[in-house]
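Fold and geometry: a report
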Amino acid sequence: RKEVEQDPGPFNVPEGATVAFNCTYSNSASQSFFWYRQDCRKEPKLLMSVYSSGNEDGRFTAQLNRASQYISLLIRDSKLSDSATYLCVVNHNDYKLSFGAGTTVTVRA
Amino acid sequence: GAVVSQHPSWVICKSGTSVKIECRSLDFQATTMFWYRQFPKQSLMLMATSNEGSKATYEQGVEKDKFLINHASLTLSTLTVTSAHPEDSSFYICSARAVITGRPYEQYFGPGTRLTVT
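Here is what the cut-offs are and how they apply
- Residues numbered from 1 in each chain as written.
- Chains lettered and ligands numbered in written order.
- Predicted model: local features only at pLDDT ≥ 70, side-chain atom pairs only at ≥ 80, totals over all residues.
- Heavy atoms only, no water.
- Disulfide = S-S within 2.5 Å.
- Helix = DSSP H or I, 4+ residues; strand = E, 2+ residues; numbered from the N terminus.
- Buried < 20%, exposed > 50% of the residue type's maximum accessible area, 1.4 Å probe, protein only.
- Core = buried A, V, L, I, M, F, W, Y, C linked by side-chain atoms within 4.5 Å.
- Contact = heavy atoms within 4.5 Å.
- Salt bridge = Lys/Arg side-chain N within 4 Å of Asp/Glu carboxyl O.
- Pairing = 2+ DSSP bridges.
- Axes fitted to C-alpha atoms, helices over the stretch in contact; angles between N-to-C directions.

On inspection of all chains with the given rule, the structure shows two disulfides over all chains. Across the disulfide, Cys 23 of chain A is cross-linked to Cys 88 of chain A (sulfur-sulfur distance 1.9 Å). Of note, the bridge from Cys 23 of chain A to Cys 88 of chain A carries an S-S torsion of about -50° and is left-handed in sense. Residue Cys 23 of chain A is located in strand E3 (residues 19-25), and its partner Cys 88 of chain A is located in strand E9 (residues 84-91); the two are separated by 65 residues in the primary sequence. For the pair Cys 23 of chain A and Cys 88 of chain A, one class covers both residues: buried. Note that Cys 23 of chain B is cross-linked by a disulfide to Cys 94 of chain B, the S-S spacing being 2.0 Å. With the S-S bond torsion at 80°, the cross-link from Cys 23 of chain B to Cys 94 of chain B turns out right-handed. Of this pair, Cys 23 of chain B sits in strand E3 (residues 19-25) while Cys 94 of chain B sits in strand E9 (residues 90-97); the two residues are 71 residues apart in sequence, bridging distant segments of the chain. Assigned by exposure class, Cys 23 of chain B and Cys 94 of chain B land together as buried.

Written out as structure tokens, the structure reads:
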């Protein structure tokens, strides 16, 4: 079983729509959680860290459910520029990160 | 802040030659750097963890004699792919851990190096 699993999508949504997707992780000892964004042929960029109580950053909302071992990301009022692959990233008790394969989101005009 | 650069951004080499990739933290000191490899439509796979002044720690299945890592200073780590073969063609990305109070697990990524071995 992969450490981090994501629905690969793609999620095709119109501008202005809300899109949400989850990721599950296998290691219950995981301590830190992140969403990264990766554009085609580019490096990943940190979108947001995910905190236990859930957190919001503008149009982006992340939730963590430790009991069920999943993390979610919700994007409101989608923009064309939100089109990217979103990587779910998990850290255990060292500094190594485990990456999901990514969820592709395409926002159309 | 927390900018990481990589050089070269892309390289084409012939089978059997060696290629060196540099990773630099530009505005912070990085005691730990990481090297990843990403094949098309796959996730980033950690190859090794590089600590300044000590030997790199390689992940299972990664040949340390083929992928030589040197972390000689707090701002520079290098990855040398020795005797490259076409199957080594991939996107190599480094990252650096910036020791920021309260956020010790965040990593900042370089722009990546696309290696093509012919």
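Counting residues in hydrophobic clusters, the biggest one holds 26 residues, and the most contacted among them are Val 4, Trp 35, Phe 67, Leu 79, Tyr 92 and Leu 115 of chain B. When residues no more than four places from it in sequence are discounted, the contact partners of Leu 79 of chain B are Val 19, Lys 20, Ile 21, Trp 35, Phe 67, Leu 68, Ile 69 and Tyr 92 of chain B. Counting residues in hydrophobic clusters, the runner-up holds 23 residues, among them Val 4, Phe 33, Met 48 and Val 105 of chain A.

Scanning the entire structure with this criterion turns up seven salt bridges over all chains. A salt bridge links Glu 56 of chain A to Arg 76 of chain A, with the nearest nitrogen and oxygen atoms 3.4 Å apart. In this pair, Glu 56 of chain A sits in strand E6 (residues 55-57) while Arg 76 of chain A sits in the loop between strand E8 (70-75) and E9, placing the two residues 20 residues apart along the sequence. A relative accessible area of 57% places Glu 56 of chain A in the exposed class. The salt bridge involving Lys 66 of chain B is made with Asp 88 of chain B; its shortest N-O contact spans 2.9 Å. Of this pair, Lys 66 of chain B sits in the loop between strand E6 (57-58) and strand E7 (67-73) while Asp 88 of chain B sits in the loop between strand E8 (76-81) and E9, and the two are 22 residues apart along the sequence.

On to the sheet that holds strand E1 (residues 4-6) of chain A, then. All names here are of chain A. Strands sit in the order E1-E3-E8-E7-E6 across an open sheet of five strands; the sheet is antiparallel. Looking at the sheet topology across the chains shown, the edges are occupied by E1 and E6. On average, each strand axis in the sheet is tilted by 20° relative to the strand beside it, whichever way the strands run. Note that E1 and E3 share three bridges and pair antiparallel. Opposite Gln 6, over in E3, you have Cys 23 as the bridge partner.

What follows deals with the side chain of Thr 78 of chain B. Residue and element names in this part refer to chain B. By the secondary structure assignment, Thr 78 is in strand E8. The buried category is assigned to Thr 78, whose relative accessible area is 11%. The residues touching Thr 78, leaving out its near neighbours within four places in the chain, are Lys 20, Ile 21, Glu 22, Trp 35, Leu 68, Ile 69 and Asn 70.

Attention now goes to the pairing of strand E11 (residues 113-117) of chain B. Residues and elements named next belong to chain B. On E11, burial follows the alternation: Thr 113, Leu 115 and Val 117 on one face are buried, whereas Arg 114 and Thr 116 on the facing-out side are not. In terms of strand pairing, strand E2 (residues 10-13) meets E11 through four bridges, oriented parallel. Residue pairing for E11: Val 11 is matched across the bridge by Leu 115. Relative to E11, E9 runs antiparallel, the two being bridged by three bridges. Paired with Phe 91 across the bridge in E11 is Arg 114.

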